[in-house]
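Each chain, letter by letter, is given below.
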Amino acid sequence: METPSFSRCQLHGSASPMISWRLCLFLLLVLQSFCSPALSSSPYLVGMGSYDITGPAADVNMMGYASSDQIAAGIHFRLKARAFIIAEPDGKRVVFVNLDACMASQLVTIKVLERLKARYGDLYNENNVAISGIHTHAGPGGYLQYVVYIVTSLGFVRQSFDVIVDGIEQSIVEAHNNLRPGKIYVNKGDLLDAGANRSPSAYLNNPAEERSKYQYNVDKEMTLIKFVDDELGPIGSFNWFATHGTSMSRTNSLISGDNKGAAARFMEDWAEKNVNPNQAAHVSSENPRRVSALISEPNETSDDLIRLASSYKASGGREIPSSSITRRVRSAQENKLKFVSAFCQSNCGDVSPNVLGAFCIDTGLPCDFNHSTCNGKNELCYGRGPGYPDEFESTRIIGNRQFLKAVDLFNSASEEIQGKVDYRHTYLDFSQLKVDVPTSTGGQQVVQTCPAAMGFAFAAGTTDGPGAFDFKQGDNKGNPFWKLVRNVIRAPGPEQVKCQAPKPILLDTGEMKVPYDWAPAILPIQIIRIGQLVILCVPGEFTTMAGRRLRDAVKNVLTDSDQFDNNIHVVLAGLTNTYSQYITTFEEYQMQRYEGASTLYGPHTLSAYIQEFQRLATAMVSNKDAPTNLQPPDLLNRQIELLPGVIADQAPPGVTFGDVSSDVPANSTFRKGSIVNATFYSACPRNDLLTDGTFALVEKLDGTDNWVPAYDDDDWSLRFIWSRPAKLSPRSFATLEWTIPQDAPSGVYRLRHFGASKPLIGSIKYFTGTSSAFAVR
């Protein structure tokens, strides 16, 4: 590159040589400041990325409620992997990925790391990469490797697994390619109405002195980090807040990111419309959407719109090449700043979004306080969300509350993150960890964790999703009949019974190895440091008090060093890197509510985490490694897949895939807020997941014969609902249901469906079809 001419100043003319030299130096410094301001002003390189991980929208059991009846049959809105990379220009770097999935998976993590190594060598590895799940209970299952987590999905589901691995990799690649100088800010504040304790009787068993330190029986604080590119301005935010992804119930069959996925969708749409570089933005409580800003209101009168709409009839189905599948509206907006916002999970173990409380569905009265039963039956006790009885509305409200709080923190963030990037990671065998714990007399004793086991109250479920039969929460004895059933599968030995006490063991999963491991034993723990922000990455669901104890213990280690002062932000990232169910306090464990029964490694599980995280934190501040000779198993080649593939799709005689089965009413007009739907002859969505594409589209007429994509199946307002007339039928239908947003421009619209069909012999064929047009005013 040629040197700018004024940097080659000549020492001649009327000015003295010293003056000319100084002038040249001054001009050179000015040029450098304009060309590379970030080199002197920003301590970090920052990159953001995201990618579609929606997965199979049909036939696959959903992960979370462990209900074999909850089978995916459409899309509420799409799921994403969202990633940030933060790097010191000449130092360490960290990657954090947030998944719109129930939880992370050890097998997914292993395969993602293998791909990153193939791409980047040792740049990204198990030490500096964290993969966390938001805990939606409305995503496809079958992507974990341990038997107990894939029983209801009929074993391993390769499509679920592959799309998540692919999406994580692509989100990291995008973040890596987008690395640019930038700043990071941190802010935190209380969100009071998005979570309630679903096991308050267990929480009350914690010491009164400890409980008195806190105003609430769940954590109300949200911690947010804001990413600002030196040239482009704000480019994203991640936040951590504890509330379960159970606003959508186990009767829901539409893939959904639940309340946290909704909050992320709302904030990214808001940012696309409002966030400008170096300019503060304003937020409205309305659901954000960009279409009204892109498409203007028409000049035609209502009668003119109706006449115009009536001239466009349903198109009929037709085959198209796969390349003609419309990309999602957001993906199609090229050359535009992509704002990435993630709503990450924290210590949500006993925190429910069903904030109205738990009630008996037969009487309407509150459930029993200690056991969450109604006349002794757990099946009748359900939590109620703020939109009760509409779970979609509850999801929107809880998501909107998180979104509004995040925007408030985003707009007011002023504390800049400064300091080194660092990390520590290790593997531990939680089936046999020795733990030092205090005695009642003030001394110390050595105890041990246990091989994994689940108690009877596990089968009772929670008020977010009750179990079946005669199980109930708070059961510390067990049922003789179910003990007989258990013993047929595997009877726990006396040492295991003693170790897990007072938990009555229903499934001795840690000692069940046929056809392969039922539960994990080797778990990862990880600490990520970004300046004064410290992220504790845990492979499970900590309860409120368990999370508080862990955070405080690690914070004490860090602040006792000379690297941190009291201005330190410690957050807990739950469901990260793998999954091992719940972690309660010792006192909560004694109550054997659902969370205690699901604490796999016995009553001292939390003490083990605290001990080992303190060791990890000590290693980090001492600049020492955290070596381990353990590795989790890679069970991919042992996975069993029992879900049958798609054999063939059929349409009735004389019908083409994409034809309308039930059209919108002829010559119709709809007001904003009303619902429009049309049903198409379709095929199984498993034939092609249409990743980064869409099965459903709302198109708006712009001019003459120019249909503009306006809303797709990643929008809150548009649902893609898939169904069969019978369970094994090769025929199927796709219903597109659009709730017209209040800010949708008036005009002429139609619904379009995309799909892929599989013949009995031959390759998959792609198709599309449209409804008749209709007017919106």
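Under an unreviewed UniProt entry, the protein has the name Neutral ceramidase and belongs to Urochloa decumbens. Its UniProt record gives the protein a comment under Catalytic activity (unreviewed entry), which states: "an N-acylsphing-4-enine + H2O = sphing-4-enine + a fatty acid". Taken directly from UniProt, the Sequence similarities (unreviewed entry) text for the protein runs: "Belongs to the neutral ceramidase family."

Quick notes on the UniProt feature "active site" (unreviewed entry) in the protein
Summarizing the sequence annotation, UniProt attributes the feature "active site" (unreviewed entry) to Ser352 in the numbering used throughout. Counting through the fold element by element, Ser352 comes out in strand 14 (residues 351-352). Those residues in contact with Ser352 that sit more than four places away from it in its chain are Ala194, Gly195, Ala196, Arg198, Thr243, His244 and Asp464.

Let's talk about the side chain of His76
Its place among the elements puts His76 in the loop between strand 3 (71-75) and strand 4 (80-87). Overall, the relative accessible area of 0% leaves His76 in the buried class. His76 has contacts with Met248, Leu254, Ile255, Ser256, Phe392, Asp713, Asp715, Trp716, Leu718 and Arg719, leaving out every residue within four places of it along the chain.

Let's talk about the pairing of strand 20 (residues 444-448)
Here five bridges tie strand 19 (residues 434-438) to strand 20, and the two strands are oriented antiparallel to one another. Bridging from a neighbouring strand, Val435 pairs with Val447 of strand 20. In this structure, the hairpin formed by strand 19 and strand 20 is closed by a connection of five residues, where Gly442 is found at a positive phi of approximately 95°.

Brief notes about the pairing of strand 10 (residues 221-229)
Strand 10 sits mainly inside the fold: eight of its nine residues count as buried. Of the pairings in the sheet, the one linking strand 8 (residues 180-190) to strand 10 comprises nine bridges and is antiparallel in character. Bridge pairing links Asn187 to Leu224 in strand 10. Two strands pair when backbone bridges link them, and strand 10 and strand 11 (residues 233-240) are joined in this way by seven bridges, in the antiparallel orientation. Its bridge partner being in strand 11, Lys226 is matched across the sheet by Ser237. Hairpin connection between strand 10 and strand 11: a loop of three residues separates the two successive antiparallel strands.

Thoughts on unusual backbone geometry
Ala501 connects to Pro502 through a cis peptide bond whose omega is 10°. By the element assignment, Pro502 lies in the loop between helix 12 (494-500) and strand 24 (505-507). Of note, the amide linkage connecting Val514 to Pro515 takes the cis form, showing an omega dihedral of 0°. By secondary structure assignment, the location of Pro515 is in the loop between strand 24 and strand 25 (522-530). With a phi angle near 65°, Gln581 is a residue other than glycine that sits in the positive phi range.

Here we look at helix 7 (residues 258-274)
Here helix 7 contains 17 residues, and its C-alpha end-to-end distance of 24 Å stays within 8% of the 24 Å for a straight helix at 1.5 Å per residue. In terms of burial, helix 7 is largely enclosed, as 14 of its 17 residues are buried.

Re the sheet that holds strand 36 (residues 732-739)
Here we have seven strands laid out as an open sheet, ordered 7-2-3-35-36-32-30, and antiparallel in their pairing. The open sheet has two free edges, formed respectively by strand 7 (139-140) and strand 30 (660-662), since each of these has just one partner strand. When strand 2 (residues 58-63) meets strand 7, the two strands line up antiparallel, connected through two bridges. Of the residues in strand 7, the one forming a bridge with Met63 is Gly139.

Quick look at the sheet that holds strand 25
Sheet architecture is open: four strands sit in the order 18-25-26-28, paired in mixed fashion. The open sheet has two free edges, formed respectively by strand 18 (421-429) and strand 28 (569-573), since each of these has just one partner strand. This sheet shows a mean twist of 15° between the axes of neighbouring strands, independent of strand direction. One ladder, built from nine bridges, connects strand 18 with strand 25; its direction is antiparallel. In the sheet register, Thr426 faces strand 25, and the bridge partner there is Ile525. On the sheet, helix 13 (residues 544-560) packs against strand 26 (533-537) and strand 28 and is oriented at approximately 140° with respect to strand 28. Helix 16 (residues 605-621) rests against strand 18, strand 25 and strand 26 of the sheet, and its axis sits at about 45° to strand 25.

Observations regarding the nonpolar core
Ranked by internal contacts, the top residues of the largest apolar core, which has 135 residues, are Tyr143, Ile168 and Trp738. With nine residues, helix 16 is the largest single contributor of residues to this core. Other than its neighbours up to four places away in sequence, Tyr143 contacts Met63, Ala101, Cys102, Met103, Ser105, Val108, Phe156, Ser160, Phe161 and Ile164. Formed by 28 residues, the second largest nonpolar core is a distinct cluster that contains Ile184, Cys344, Ile417 and Tyr423.

A short note on the confidence of the model for the protein
Residue-level pLDDT values for the protein average 92, and 90% of them are 70 or greater. The low-confidence segment residues 277-295, where pLDDT is below 50, has 53 contacts with residues more than four positions distant or belonging to other chains.

Quick word on the layout of surface pockets
Taken as a whole, the largest pocket holds about 1100 Å³ of empty space. Along its surface, the largest pocket is lined by 46 residues, and Tyr65, Ala66, Thr152, Phe458 and Ala459 are the ones closest to its centre. Secondary-structure elements contributing two or more residues to the lining of the largest pocket are strand 2, strand 22 (461-462), strand 23 (465-466), helix 11 (480-489) and strand 24. With four residues, helix 11 is the largest single contributor of residues to the lining of the largest pocket. Of the residues that constitute the lining of the largest pocket, the class distribution is 25 nonpolar, 16 polar and five charged.

What about the packing of aromatic side chains?
The description of an aromatic ring pair uses the distance of the two centres, along with the angle that the planes make with each other. As enumerated under the stated definition, the model contains 32 aromatic pairs in all. With 5.6 Å between their ring centres and 75° between their planes, Phe96 and Trp240 make a pair best called edge-to-face. Of this pair, Phe96 sits in strand 5 (residues 93-99) while Trp240 sits in strand 11, and the two are 144 residues apart along the sequence. Of the two residues, Phe96 and Trp240, both sit in the buried class. A network of ring pairs unites the aromatic residues Phe84, Phe96, Phe227, Phe238 and Trp240 as a single cluster. Across from the ring centre of Tyr423, 5.0 Å away, lies the NZ or CZ of Lys92, which sits over that ring. When the ring centre of Tyr388 is taken as reference, the NZ or CZ atom of Arg384 above it lies at 4.3 Å.

Conventions adopted
- Residues numbered from 1 in each chain as written.
- Predicted model: local features only at pLDDT ≥ 70, side-chain atom pairs only at ≥ 80, totals over all residues.
- Heavy atoms only, no water.
- UniProt positions renumbered as here; feature names shortened; annotations may be inferred.
- Helix = DSSP H or I, 4+ residues; strand = E, 2+ residues; numbered from the N terminus.
- Contact = heavy atoms within 4.5 Å.
- Buried < 20%, exposed > 50% of the residue type's maximum accessible area, 1.4 Å probe, protein only.
- Pairing = 2+ DSSP bridges.
- Expected span 1.5 Å × (residues − 1).
- Axes fitted to C-alpha atoms, helices over the stretch in contact; angles between N-to-C directions.
- Core = buried A, V, L, I, M, F, W, Y, C linked by side-chain atoms within 4.5 Å.
- pLDDT = per-residue confidence, 0-100.
- 1 Å grid on protein atoms, 1.4 Å probe; cavity = no way out; pocket = protein on both sides within 12 Å on 5 of 7 lines; lining within 4 Å.
- Points joined across faces, edges and corners; volume = space filled by probe spheres on them.
- Nonpolar A, V, L, I, M, F, W, Y, C, P; charged D, E, K, R; others polar.
- Phe/Tyr/Trp six-rings, centres within 6.5 Å; stacked < 30°, edge-to-face > 60°.
- Lys NZ or Arg CZ within 6 Å of the ring centre and 35° of its normal.

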